[in-house]
Amino acid sequence: MAVPPSTYPHRLLPLFLGLFQAALLLFFALFITYDEPSAQEDDTSLVANQVYSTFPFFQDIQVMLVVGLGLLLTFLPRYGFSSLTHNFLLLNFSMQWALVLQGLLHHFHHGQIHLDLHKLLVSEFAAVTVLISVGAILGRASPCQLLVMATCEIPIYLATEWVIVTCLGVLDVGGTITIHLFSCYFGLGVSKALFRATQQPLHPKETPTPSSDLVSLVGTLILWVFWPSFVAVLCQPGDAQHRAILNTLLAMSAGAITTVVASSLLERDGKLSPGHLQNGSLAGGVAIGVVADMAVPPVAALALGSLSAVVCVLGFGFLTPLLRRKLALHDQCGIHNLHGLPGILGSAASVVAVLVASKDTS
C-alpha cells in the first residue's frame, strides 16, 4: 500500500537518523576501541585519578546541556516540548558526529581510534556550538533542517578551532572565542540565510507567558550553578583550575546583580525583565571563559562580569530591535546578546590581560 505523499516529510527524520546511526554502528565496529587494561599499578592509579577528577565535571556539563539549556529554551509557550526534545536530539547527534570527525582527524593511529572520557568531553564541547546556534532559529526550522545544520556546523567548528588554538596559539580554556563567538555568528548566518526575504513581524506565539518564563528561569539557574565546571574542566588541575572556578563564580555573581540593576533602570516601569535575567545573569560566564585561568586579580573578574551583563541587557534593549529593523536579522533567543557581545568583550579582556601581565607570570 502506497504511503500518501503528504507523509513523506515526516519520514525524513527517522530515515535520516536511522541511516546515521547504522553508519555509526559500522564505523564503531571497525575503528573504535578502548585502551588495553594496564597491568602496571602506577598506570592503573593514574587512569583512576583522571576519571575521578574529570567525571564530576563531565556530569555537571551533562546537566547543563540536557536540563539547563533545554529548559532555558522553553520560553516559547507553544514550543516547550519541541525545544526540550530537539535540544536532546541535537546534543546526541552532534556529539557522535564530532566524535567520528575528531577521531579521524586527530586520533586515527594504526587503523584504530582509542576512545576515552576526554575525547567524549571534547566532542560534547563541539556539540555545544550547535545547541547555541539553534537559538537564533528556534521554532522556525524543522528537525531535519536542524540536523542538516548540525551536520555542516561540526566540521566547520573543528576547522575553526584548529586554526584558532593550534595555528594562532590563542588561550581559550572556557570556549569564549572558539565556542560562544563561533556558534553565535554561525547561527546568525543561518538565520539570515533562511529568513532573509523580508522583515517579519513578531508572531503571537513568540510572546512568552509567565509560566514559560518561569520554566526558562529554572533552566537559567541550573546553568548558573554548573557553569564553573564548564569553564574549568579543561584547565590544568591545580592552581589554574582553582583560579578558573573562582574567577567564574565571581564574574557570574557580579553579572547576576548587575543584570537586576540594568534591567530595572532600562524598563520604563522599573520592573525586572524575565528575558534580561534569563540571559544577563549568564553573560559573565561567557566573557570570563577566555581569561578564567589567567593570573588576573579578583576585581577584574567582578568588573568583567558586570560589564558583560550591562552589554547583554543593552543589546536586548537596543541592538536586537535595530538589527531586526535595519538588517531583517532574526535572533529568536538573543544569542548575539548572550554569546556574541560578551564573547567580544571577553576576547578584548584577554588581550589586555596578556599585555599587562608581568614577565615572570607563567
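Residues numbered from 1 in each chain as written. Predicted model: local features only at pLDDT ≥ 70, side-chain atom pairs only at ≥ 80, totals over all residues. Heavy atoms only, no water.

**Description of the packing of helix α6 (residues 176-194) against helix α11 (residues 335-356)**
This is how the line gets drawn: Helix axes are fitted to C-alpha atoms over the stretch in contact, other axes to C-alpha atoms as well, and angles between N-to-C directions run from 0 to 180 degrees. Where helices and strands are cited, they refer to DSSP runs of H or I of at least four residues and of E of at least two residues respectively, numbered from the N terminus. Any angle from 65 to 115 degrees is called roughly perpendicular, while one under 35 is roughly parallel, one over 145 is roughly antiparallel, and all others are oblique. When the near helix sits turned anticlockwise from the far one by under a right angle, the crossing is termed left-handed; a clockwise turn instead gives a right-handed crossing. What makes two residues a contact is simply this: any of their non-hydrogen atoms within 4.5 Å.
For the pair α6 and α11, the least separation of the axes is 9 Å and the interaxial angle reads 140°. Taken together, the axis directions place α6 and α11 in an arrangement best described as oblique. The two elements α6 and α11 meet at a crossing, and its hand is left-handed. Residues T176, I177, H180, L181, S183, C184, Y185, G187 and L188 of α6 pack against I335, H336, H339, G340, G343, I344 and S347 of α11.

**Describing the state of the cysteines**
Which entries qualify depends on this criterion: Criterion for a disulfide: a pair of cysteine sulfur atoms within 2.5 Å. Here the term buried applies to any residue with accessible area under 20% of the maximum for its type, exposed to any over 50%, and partly exposed to those in between, with areas from a 1.4 Å probe on protein chains only.
Applying the stated criterion across every chain, the model contains zero disulfides. Take C152: it sits in no disulfide, and the sulfur closest to it among the cysteines is that of C144, at 13 Å. Assessed through its relative accessible area of 40%, C152 is described here as partly exposed. Cysteine C333 is unpaired, with the sulfur of C184 as its nearest cysteine sulfur at 12 Å. Owing to a relative accessible area of 14%, C333 belongs among the buried residues under this scheme.

**Things to note about the sheet that holds strand β2 (residues 108-109)**
The strands that make up a sheet are held in pairs by hydrogen bonds between backbone atoms, and each pair lies either parallel or antiparallel. Just so we agree on the cut-off: If DSSP finds at least two bridges between two strands, the strands pair.
Within the open sheet, the three strands sit side by side as β1-β3-β2. Their pairing is mixed. What marks the edges here is a single partner per strand, and that holds for β1 (32-34) and β2. Note: β2 against strand β3 (residues 112-115), two bridges, orientation antiparallel. In the sheet register, H109 faces β3, and the bridge partner there is Q112.

**Description of the environment of A301**
Counting through the fold element by element, A301 comes out in helix α10 (residues 298-327). Taking the C-alpha atoms as reference, A301 lies 9.8 Å from S253; in sequence the two are 48 residues apart.

**Describing the environment of S94**
The condition that has to hold: As used in this structure description, the phrase polar contact means that two N or O atoms lie within 3.5 Å; if the pair is within protein, one of them must be able to donate a hydrogen and the other to accept it, and residues adjacent in sequence are counted only when both atoms belong to side chains.
Tracing the sequence through the fold places S94 in helix α3 (residues 80-106). In this structure S94 comes out as buried when scored by relative accessible area, which is 0%. Sequence separation of S94 and A127 is 33 residues, and the distance between their C-alpha atoms is 4.9 Å. Side-chain polar atoms of S94 contact the backbone oxygen of L90, separated by 2.8 Å.

**Thoughts on the packing of helix α4 (residues 117-133) against helix α5 (residues 143-167)**
Axes are the key here: two packed helices are described by the angle between their axes and the distance separating the axes. Counted only if it meets this: Amino acid classes used here: Ala, Val, Leu, Ile, Met, Phe, Trp, Tyr, Cys and Pro are nonpolar; Asp, Glu, Lys and Arg are charged; the rest, including Gly, are polar.
At a minimum axis distance of 9 Å, the contact between α4 and α5 shows a crossing angle of 130°. With respect to each other, α4 and α5 are oriented oblique. Helix-helix and strand crossings are classified by hand; for α4 and α5 the assignment is right-handed. Across the interface between the two elements, F125, A126, A127, T129, V130 and S133 from α4 touch M149, A150, E153, I154 and Y157 from α5. Across the contact of α4 with α5, the residue classes break down as eight nonpolar, two polar and one charged.

**A word on the nonpolar core**
The line we're drawing: As used in this record, nonpolar core signifies buried Ala, Val, Leu, Ile, Met, Phe, Trp, Tyr and Cys residues forming a set joined through side-chain atoms within 4.5 Å.
By size, the foremost hydrophobic cluster in this structure holds 85 residues, and its most contacted members are L90, L138, W227 and F230. The contact partners of F230, leaving out residues within four places of it in the chain, are I61, M64, F125, V128, G174, I179 and H180.

**Topic: the confidence of the model for the chain**
Threshold: Per-residue confidence from the predictor is reported as pLDDT, a score between 0 and 100.
This prediction gives the chain a mean pLDDT of 90; 92% of its residues lie at or above 70. Contacts for the low-pLDDT stretch residues 1-6, under 50 throughout, to residues beyond four places or in other chains number two contacts.

**Quick notes on the side chain of S212**
Inspection of the secondary structure puts S212 in helix α7 (residues 210-232). Residue classification places S212 among the buried residues on the basis of a relative accessible area of 7%. If sequence neighbours within four positions are ignored, S212 has contacts with T74, F75 and P77.

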